[in-house]
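Structural overview
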Amino acid sequence: MSEGILLAKVARGTLLPEAARVARLQEALPQIRAAVAGETDEVALQATLACLLWETLAQANWCGFYRRVEASLLAVGPYQGGMGCLRIPFDRGVCGACARTGLTQLVADVHAFPGHIACDGATRSELVIPVRVGDRVVAVLDLDSPHLDGFSPPEARILEDLLACTFR
Ligand code: SME
């Protein structure tokens with residue numbers, strides 16, 4: 001029986017200062033790595049990361065994966081939070097930009113991002129990170145926050161490393 005991860009309780013929606021968010025992520029990281037160690041099934045990995053990152057990232061109102069289901073199309077995968085849009089073409093939204101370019105998208109204010117898809121009108125910032133298997137982008141991790149500037153470059157780097165180690 002798995003018990004999730006051990007972290008101090010922080011109310012959903014709380015934006016801790018950046019240093020505290022990074023420390024919380026660092027504290028969660030070995031527990032997340034242990035939870036997925038040895039697992040190779042992509043859905044099992046995505047579902048478990050969505051769950052544990054949701055527990056860790058209190059500033060998020062959405063946390064989950066979009067999977068590449070066609071050459072230029074994403075479909076929603078395992079997630080936590082309110083209902084997300086089901087399909088995102090590569091030429092739309094922050095997730096599409098990430099999948100198309102293969103580059104992490106750190107968007108401090110989604111209202112300033114042309115083509116942002118507002119699944120939840122409360123969302124103000126977003127972090128989207130590509131998931132690669134070999135050289136191919138097979139999915140993206142999408143994190144949304146109702147706070148402006150809800151995610152930072154150090155958090156993005158930590159999550160990039162986690163994804164690179166988890167999906168191969
Ligand atoms: N905001 C995203 C769409 C996905 S949902 O917000 C869950 C985007 O612009 O790609």
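Please refer to the structure placed before this passage.
How each quantity is defined
- Residues numbered from 1 in each chain as written.
- Predicted model: local features only at pLDDT ≥ 70, side-chain atom pairs only at ≥ 80, totals over all residues.
- Near = placed C-beta within 6 Å.
- Helix = DSSP H or I, 4+ residues; strand = E, 2+ residues; numbered from the N terminus.
- Nonpolar A, V, L, I, M, F, W, Y, C, P; charged D, E, K, R; others polar.
- Expected span 1.5 Å × (residues − 1).
- Bend = angle between axes of the 7 residues up to and from the residue.
- Buried ≥ 20, exposed ≤ 12 C-beta atoms within 10 Å, placed from the backbone.
- Contact = placed C-beta atoms within 7 Å.

1. Observations concerning the site of the ligand
Around the ligand, the structure places 14 residues, and the nearest of them are Gly84, Gly93, Cys95, Ile117 and Cys119. Among the elements of the structure, α3 (93-101) and β6 (136-145) are those that each provide at least two residues to the shell around the ligand. Residues that form the shell around the ligand fall into these classes: seven nonpolar, four polar and three charged.

2. Here we look at helix α1 (residues 18-36)
Between its first and last C-alpha atoms α1 spans 26 Å; for 19 residues at 1.5 Å apiece the expected length is 27 Å, and the two agree. Residue Leu29 marks the point of greatest curvature in α1, where the axis turns by about 35°; the proline Pro30 follows within four residues. Listing the buried residues of α1 in full gives Arg21, Ala28 and Ile32. Its buried side turned inward, α1 meets α2 (42-56) and α4 (153-166). At the exit of α1 stands Gly38, carrying a positive phi of roughly 85°.

None of this, on its own, says anything about what the molecule does.
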